[in-house]
Amino acid sequence: MKRNIFRLAAISSTVALAGATLAACGDSAGGGDGMLAAIESGDVTIGTKYDQPGLGLRNPDGSMAGLDVDVAEYVVNHIAEENGWEAPTVTWRETPSAQRETLIQNGEVDLIAATYSINKGRSESVNFGGPYLITHQALLVREEESEITDLESLDGKILCSVTGSTPAQKVKDALPGVQLQEYDTYSSCVEALRQGNIDAMTTDATILLGYSAQAPGQFKVIEMEQDGEPFTNEYYGIGLAKDDQEGTDAINAALTDLHESGEFDRLLQSNLGGDEAVSPGEPGDLSFLDEN
Ligand code: GLU
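Residues numbered from 1 in each chain as written. Predicted model: local features only at pLDDT ≥ 70, side-chain atom pairs only at ≥ 80, totals over all residues. Heavy atoms only, no water.

Our focus in this paragraph is the overall build of the protein chain. Secondary structure summary: the protein chain contains nine helices and 15 strands in total. Expressed as a percentage of the 292 residues in the protein chain, the buried residues total 55%. Restricting to contacts in the protein chain with at least 6 residues of sequence separation, those with at least 24 account for 73%. Carbon and sulfur atoms provide 44% of the accessible area of the protein chain, an area that totals close to 12,100 Å². (Helix = DSSP H or I, 4+ residues; strand = E, 2+ residues; numbered from the N terminus. Buried < 20%, exposed > 50% of the residue type's maximum accessible area, 1.4 Å probe, protein only. Contact = heavy atoms within 4.5 Å. Areas by Shrake-Rupley, 256 points an atom, 1.4 Å probe, with all protein chains shown as cover.)

This is the structure in structure tokens:
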């Protein structure tokens with residue numbers, strides 16, 4: 001278990017060179033042919049977040065950056081190479097938390113890497129490769145905040161999270177007294193926190209550390225625990241169409257190589273400053289689904 005989530009991660013400005021063709025219309029994503037067919041065709045549509053520094057961020061010039069962006073690119077390029085195909089052209093698509101399963105089911109994206117926690121409910125609608133990373137739910141408050149120090153002190157406070165996210169659901173279940181406001185994106189929660197319209201926001205420590213590092217001196221990240229354990233474990237997976245087992249196996253093989261080659265540590269370092277809130281997952285091992 002990682003304890004020191006307060007150590008701020010330096011967010012790298014490294015820009016992943018991505019063919020960020022934003023108008024994703026026409027042909028492409030998925031169809032009925034599965035993710036491998038899309039990669040083989042040379043044109044793959046990947047869903048990620050556009051507003052989460054260090055994880056998935058669209059720069060003003062349209063290029064993409066972040067750990068999820070780099071992991072997804074590694075996976076599709078690795079799969080292409082293993083099969084003797086050309087590296088595919090990537091079309092990026094923004095996939096907010098509440099829309100991820102639907103965008104996969106509709107075939108609008110071939111795969112999603114978007115701080116996407118694997119859980120039982122979601123696994124009924126989509127397949128997951130991974131996990132490739134494990135983090136924990138935490139809190140972001142203004143730097144000068146003194147009353148909110150832990151999970152219990154949230155009672156009666158105004159808390160923000162994002163519709164369709166696991167942290168929103170878990171905090172509702174644990175603290176019925178909290179006034180939860182659900183927004184569409186985390187960047188709108190951060191703005192509300194900055195303006196003083198809410199008292200705290202909650203989601204994965206990785207995401208909160210990214211916002212905190214982006215605005216030095218404005219915010220702090222607070223760990224959430226219950227009975228001495230992290231309040232949640234968030235296992236990040238790569239989502240793809242339900243029952244695309246071939247695609248899932250190929251993603252897991254690529255993620256295993258990503259970890260074993262040391263490339264994952266390099267990507268973690270360059271995007272999140274070697275974030276201590278994170279540990280690598282074990283791709284293909286979904287035994288944690290019985291945890292909760
Ligand atoms: N990892 C959590 C989830 O998948 C929170 C982050 C997010 O909303 O993307 O729901």
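So much for the structure itself; the text now carries on.
As a further point, take the sheet that holds strand S10 (residues 179-183). If you walk across this open sheet you meet the five strands as S10-S9-S11-S8-S12, and the pairing is mixed. The sheet terminates laterally at S10 and strand S12 (219-223), the two strands that pair on one side only. The average undirected angle you get between the axes of adjacent strands in this sheet is 30°. Here helix H5 (residues 166-174) sits on the sheet and contacts strand S8 (137-142), strand S9 (158-162), S10 and strand S11 (200-204); the angle it forms with S10, its principal contact strand, is near 165°. Its contacts with the sheet put helix H7 (residues 205-214) on S8, S11 and S12, and the angle it makes with S11 is roughly 125°. (Pairing = 2+ DSSP bridges. Axes fitted to C-alpha atoms, helices over the stretch in contact; angles between N-to-C directions.)

This next bit is on the state of the cysteines. Per the counting criterion, the structure on display carries one disulfide. There is a disulfide in this structure between Cys 160 and Cys 189, and the S-S distance comes to 2.0 Å. When the S-S torsion is -75°, as for the bridge of Cys 160 with Cys 189, the disulfide is left-handed. Taken together, the positions of Cys 160 in strand S9 and Cys 189 in helix H6 (residues 186-195) put the pair 29 residues apart, joining distant regions of the chain. On the accessibility criterion, Cys 160 (0% relative accessible area) is buried. (Disulfide = S-S within 2.5 Å.)

For the rest of this paragraph, the subject is helix H2 (residues 67-83). Between its terminal C-alpha atoms H2 stretches 24 Å, which fits the 24 Å expected from 17 residues at 1.5 Å a residue. Most of H2 is tucked away, with 13 of its 17 residues classed as buried. Backbone geometry just after H2 places Gly 84 at a positive phi near 75°. (Expected span 1.5 Å × (residues − 1).)

Turning our eyes to something else, we now look at the side chain of Thr 206. One can find Thr 206 in helix H7. Note on Thr 206: relative accessible area 0%, which makes it buried. When near neighbours in sequence (up to four residues on either side) are disregarded, Thr 206 contacts Leu 55, Leu 133, Thr 135, Tyr 236, Leu 272, Asp 275 and Val 278.

Strands sit in the order S2-S3-S4 across an open sheet of three strands; the sheet is antiparallel. The open sheet has two free edges, formed respectively by strand S2 (51-52) and strand S4 (64-65), since each of these has just one partner strand. Bridging between S2 and strand S3 (residues 56-58) involves two bridges; their strand directions are antiparallel. Residue pairing in the sheet places Gln 52 in a bridge with Gly 56 of S3.

In this structure, Leu 67, Val 71, Ile 79, Tyr 132, Met 201 and Ile 238 are the most contacted members of the largest nonpolar core, which totals 57 residues. Per-element accounting of this core gives the leading share, nine residues, to H2. Among residues more than four places away in sequence, those in contact with Leu 67 are Gly 54, Leu 55, Leu 133, Phe 264, Leu 267, Leu 268, Asn 271 and Leu 272. (Core = buried A, V, L, I, M, F, W, Y, C linked by side-chain atoms within 4.5 Å.)

Take the pattern of salt bridges next. This structure, assessed with the given rule, holds nine salt bridges. Here Glu 108 makes a salt bridge to Arg 93, at a shortest N to O gap of 2.8 Å. In this pair, Glu 108 is assigned in the loop between helix H3 (100-105) and strand S6 (111-112) and Arg 93 in strand S5 (residues 89-94), connecting sequence segments 15 residues apart. For Arg 93, a relative accessible area of 23% translates into the label partly exposed. The partner of Lys 172 in a salt bridge is Glu 182, with the nearest N and O atoms 3.0 Å apart. Of this pair, Lys 172 sits in helix H5 while Glu 182 sits in strand S10, and the two are ten residues apart along the sequence. Residue class for Glu 182 comes out partly exposed when judged on its relative accessible area of 33%. (Salt bridge = Lys/Arg side-chain N within 4 Å of Asp/Glu carboxyl O.)

Take the site of the ligand next. Neighbouring residues of the ligand: 17 residues in total, closest Lys 49, Ser 97, Ser 117, Tyr 186 and Asp 204. Tyr 186 places a polar side-chain atom, nitrogen or oxygen, 2.6 Å from an oxygen atom of the ligand. Where the shell around the ligand is concerned, the elements lending two or more residues are H5, S11 and strand S15 (234-241). Residue classes in the shell around the ligand are distributed as six nonpolar, six polar and five charged. (Near = heavy atom within 4 Å. Polar contact = N/O pair within 3.5 Å; in protein donor to acceptor, adjacent residues only side chain to side chain. Nonpolar A, V, L, I, M, F, W, Y, C, P; charged D, E, K, R; others polar.)

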